[in-house]
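Structural features, examined
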Amino acid sequence: MIIGIQSDTIATSSQKLDEVVVVSRGQGGKRSAKGQVATIDEHLQELSHVELVRRGSYAWEPTVNNMQTERLSTTIDGMKIFYACTDKMDPVTSYVESGNLQSISLNSGLNGNPQATGNIGGALDLRLRKAGFSNDHGLNGLSAQAGYETNGNVQVYGADGSHSSQRFYVNGGAFYRHADNYKAGDGKKVDFSQFQKVNAFLNGGYKFPSLGGTEGGYDVLETTFIYDRATDVGYPALNMDVAKAEAFITSLAYKHLFEDSKLESWETKGYYNHITHVMDDTTRPDVEIHMDMPGESWTAGAYSLLTGSYGRHQAQLNLDGYYNRLFADMTMYPGGAAPMYMVTWPDVGTMNVGVALSDDIRFPSFGGTEGGLHLSGKLSWQHQRLNSDEGYKALSVFFPGMKQAYHQTTGRIAANFNSSIFQFLNYSIGAGWGSRAPTVTEAYGYYLNNTFDQYDYIGNPRLKNESAIELNTNFNFSILPSFNFSIDANAFFFSNYIIGQFENRLSVMTVGAEGVKVYGNIDHATIANASLTADWRPIRGLRWTAKGTYSLGRDDEGDRLPLIAPFTYQSRLNYATGPLSLQAELKGHARQAKYGQKYGETETAAWTIVNLTANYQFSIVNSQFTIRAGVENLFDKDYATYSDWCHIPQKGRNIYVNLSFEI
Ligand SMILES: [Cu+2]
């Protein structure tokens with residue numbers, strides 16, 4: 001038997017607030033039709049509230065509640081990590097692989113996980129897969145996956161192994177992905193959509209012999225190491241590609257698990273990660289001015305999380321701190337003239353410390369079921385310094401008298417009440433307030449060209465913190481034991497919303513740019529989302545689900561915000577019998593009629609696609625095999641979603657097969 005020592009107390013805190021997609025093996029939960037071979041982006045697609053902004057085949061940027069990276073927190077097992085590209089080519093979810101992860105959890109809105117800061121839209125935590133200790137003397141596991149996709153000649157190979165005993169565990173593995181250019185619907189090739197990636201990871205744990213029996217609990221030391229490297233990554237929606245995007249991620253944690261005590265566990269983790277990102281335009285034809293644009297991100301941090309339960313309370317106290325450095329520069333080589341150099345992220349050092357508290361209170365509710373109240377809050381202090389004198393001086397030209405160091409204080413607080421009436425209705429209502437500091441791009445970015453609206457962006461060190469009030473509710477009706485219907489809605493009322501604003505007095509740097517925008521606070525803005533979900537299981541083995549979501553986003557003048565989803569829908573029919581399961585899926589979105597015209601967004605047409613998938617499990621001797629096959633975009637529809645950057649087309653018909661086995 002394997003004991004999951006990492007059995008996340010965070011995960012169990014409240015099922016209503018925390019949504020999980022299972023990446024690895026394990027029972028239950030949402031998961032991708034492609035199984036573990038799916039990319040992290042495909043796993044993320046299974047989560048409600050999540051959409052993905054696509055700039056190519058690789059490294060999609062997750063949005064939660066129609067908010068992008070700057071309003072989200074993304075952590076890896078509670079570790080902070082920051083992307084290194086000034087053009088957002090590398091959301092941090094691109095630096096892990098499916099083989100690294102057990103699951104991905106999402107806390108929608110302001111109720112973040114203890115390590116989350118700045119999470120107005122939501123908090124994603126990528127949970128690493130650790131073998132855990134075994135009661136047996138030694139237990140070894142081995143698994144391997146291989147996958148192939150016809151469109152783009154996608155190849156995926158992964159293998160990992162584990163050893164678990166009472167005192168010690170270790171697991172590790174490697175993953176490789178390769179993709180050529182894909183074809184859009186009707187056979188049109190999308191140039192610069194290739195990529196290649198390797199990933200290797202190693203986790204280990206050691207359980208100390210307990211002193212004086214088990215009454216005092218026991219101590220565990222755990223370590224993690226991940227190396228991830230993507231090369232030759234094309235970005236058809238941008239003017240540049242990526243030669244190399246590389247990450248080292250390490251951590252060391254000490255955990256005490258209490259027995260017979262009101263305290264449950266106390267974990268202290270130290271970590272370090274380093275990202276190198278190198279852009280490349282040498283393979284593009286007709287480049288007017290060749291550019292070199294590297295970026296780097298270093299983060300070192302620690303957190304200490306204490307969890308305990310007393311009576312009806314389950315509480316967590318977390319202290320955390322991190323130091324992050326972001327540096328990016330650009331060298332332009334105009335033909336025949338001297339190269340031009342500028343610092344685009346002025347080596348910004350951010351020191352952030354925070355304290356977070358949460359409490360889950362359970363109580364009996366009407367009809368013999370259980371209800372609960374979840375409270376959480378966090379307070380953080382931040383110090384930022386511009387370490388590059390050159391970058392500081394360049395920005396000072398636009399902001400005379402600006403300082404070389406800034407302080408910010410941010411916080412969040414959220415409450416959520418859930419209860420039920422017999423087995424018929426489950427409901428929850430919640431409210432919260434939270435603020436975030438401007439990102440390095442928003443505060444100190446220097447002439448960053450945005451291909452979405454073709455403007456050059458300049459950061460603004462005088463920005464105020466942005467804040468929002470969130471209201472949310474969820475009603476889940478079980479009309480029959482076989483039929484479920486739910487309504488989910490949330491709204492975010494922003495103050496000092498940060499967005500780029502026209503600056504006509506400045507001239508452009510990038511060839512072909514429309515103009516210059518400087519980040520600014522607008523007085524208020526609103527983002528709201530509502531979804532309806534139905535789930536019907538008419539007979540054993542058969543399941544039908546359907547979901548429709550409507551969102552809106554407005555600025556202080558009533559104009560539409562960009563990248564807000566139009567009406568989206570998805571319906572799935574599932575049939576499972578013994579080892580075989582079949583699924584047909586219909587998904588699409590309506591015409592994006594209310595787009596952010598003022599912010600340079602253009603209209604997106606409606607689309608619908610059909611996907612089919614089959615899954616068969618069998619065992620030979622002691623090995624468990626799973627074969628998955630399917631067709632995506634069955635009718636080879638030529639389409640782009642509202643979140644496809646510059647309307648780059650999606651994949652046309654794609655047939656995939658993948659095989660995985662485990663012992
Ligand atoms: Cu980049």
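Look above for the structure.
Residues numbered from 1 in each chain as written. Predicted model: local features only at pLDDT ≥ 70, side-chain atom pairs only at ≥ 80, totals over all residues. Heavy atoms only, no water.

Now for the sheet that holds strand β7 (residues 101-108). Hydrogen bonds along the backbone pair up the strands of a sheet, which may run parallel or antiparallel. As summarised here, the arrangement of the 5 strands in space is β2-β7-β8-β5-β6, forming an open sheet in which the pairing is mixed. Bordering the open sheet on either side are β2 (18-22) and β6 (79-80), each of which pairs with just one other strand. Bridging between β7 and strand β8 (residues 122-128) involves 7 bridges; their strand directions are antiparallel. Bridge pairing links Ser108 to Gly122 in β8. (Pairing = 2+ DSSP bridges. Helix = DSSP H or I, 4+ residues; strand = E, 2+ residues; numbered from the N terminus.)

Attention shifts here to the pairing of β7. Of all 8 residues making up β7, 7 are buried, and the element is well covered by its neighbours. The sheet contact formed by β2 and β7 spans 5 bridges and is antiparallel. The partner of Val21 across the bridge, within β7, is Ile104. (Buried < 20%, exposed > 50% of the residue type's maximum accessible area, 1.4 Å probe, protein only.)

Its place among the elements puts Ile76 in strand β5 (residues 72-76). C-alpha of Ile76 to C-alpha of Leu101: the two residues are 25 residues apart in sequence and 9.3 Å apart in space. The contact partners of Ile76, leaving out residues within four places of it in the chain, are Ile81, Val96, Asp125, Leu126, Leu128 and Ile249. (Contact = heavy atoms within 4.5 Å.)

Our next topic: unusual backbone geometry. One non-glycine residue with positive phi stands out, namely Asp347, at about 45 degrees. Asp347 sits in the buried class, given a relative accessible area of 11%.

To continue, consider the nonpolar core. By size, the foremost hydrophobic cluster in this structure holds 99 residues, and its most contacted members are Ile104 and Phe494. Contact partners of Ile104, with chain neighbours within four places excluded, come to Glu19, Val20, Val21, Val23, Ile40, His43, Leu44, Leu47, Leu124, Asp125 and Leu126. (Core = buried A, V, L, I, M, F, W, Y, C linked by side-chain atoms within 4.5 Å.)

Surrounding the copper ion are the protein donor atoms Cys85 (SG), Met89 (SD), His277 (NE2) and Met279 (SD), at 2.1 to 2.7 Å. Coordination at the copper ion comes from 4 donor atoms whose angles at the metal span 86 to 125 degrees, giving a geometry best classed as tetrahedral. For the copper ion, the donor residues sit on a single chain with the sequence spacing C-x3-M-x187-H-x1-M. With a gap of 194 residues between them, Cys85 in the loop between β6 and β7 and Met279 in strand β16 (residues 263-280) connect regions that are remote in the sequence. (Donors = N, O, S within 2.8 Å, 3.2 Å for Na, K, Ca; no water. Tetrahedral: all angles 85-135°; square planar, octahedral: opposite > 155°, others 65-115°.)

So, about the packing of aromatic side chains. Per the counting criterion, the structure on display carries 27 aromatic pairs. Plain terms: the ring middles of Phe398 and Tyr447 are 6.1 Å apart, the flat faces sit at 65 degrees to each other, and that makes the pair edge-to-face. In this pair, Phe398 sits in the loop between α3 (389-396) and β22 (405-421) while Tyr447 sits in the loop between α4 (440-444) and β24 (448-450), placing the two residues 49 residues apart along the sequence. For the pair Tyr406 and Tyr444, a centre-to-centre distance of 6.2 Å together with 40 degrees between the ring planes defines the contact as tilted. Highlighted residues: Tyr406 in strand β22 and Tyr444 in helix α4, separated in sequence by 38 residues. Like Tyr406, the residue Tyr444 is buried in the burial classification. By the ring-pair criterion, three or more aromatic residues cluster together here, those being Phe363, Phe417, Phe424, Tyr427, Phe475, Phe477 and Phe485. Across the ring face of Phe494, the terminal group of Arg71 is positioned such that the distance to the ring centre comes to 5.8 Å. Lys517 extends its terminal NZ or CZ atom over the ring of Tyr455, reaching a point 4.8 Å from the ring centre. (Phe/Tyr/Trp six-rings, centres within 6.5 Å; stacked < 30°, edge-to-face > 60°. Lys NZ or Arg CZ within 6 Å of the ring centre and 35° of its normal.)

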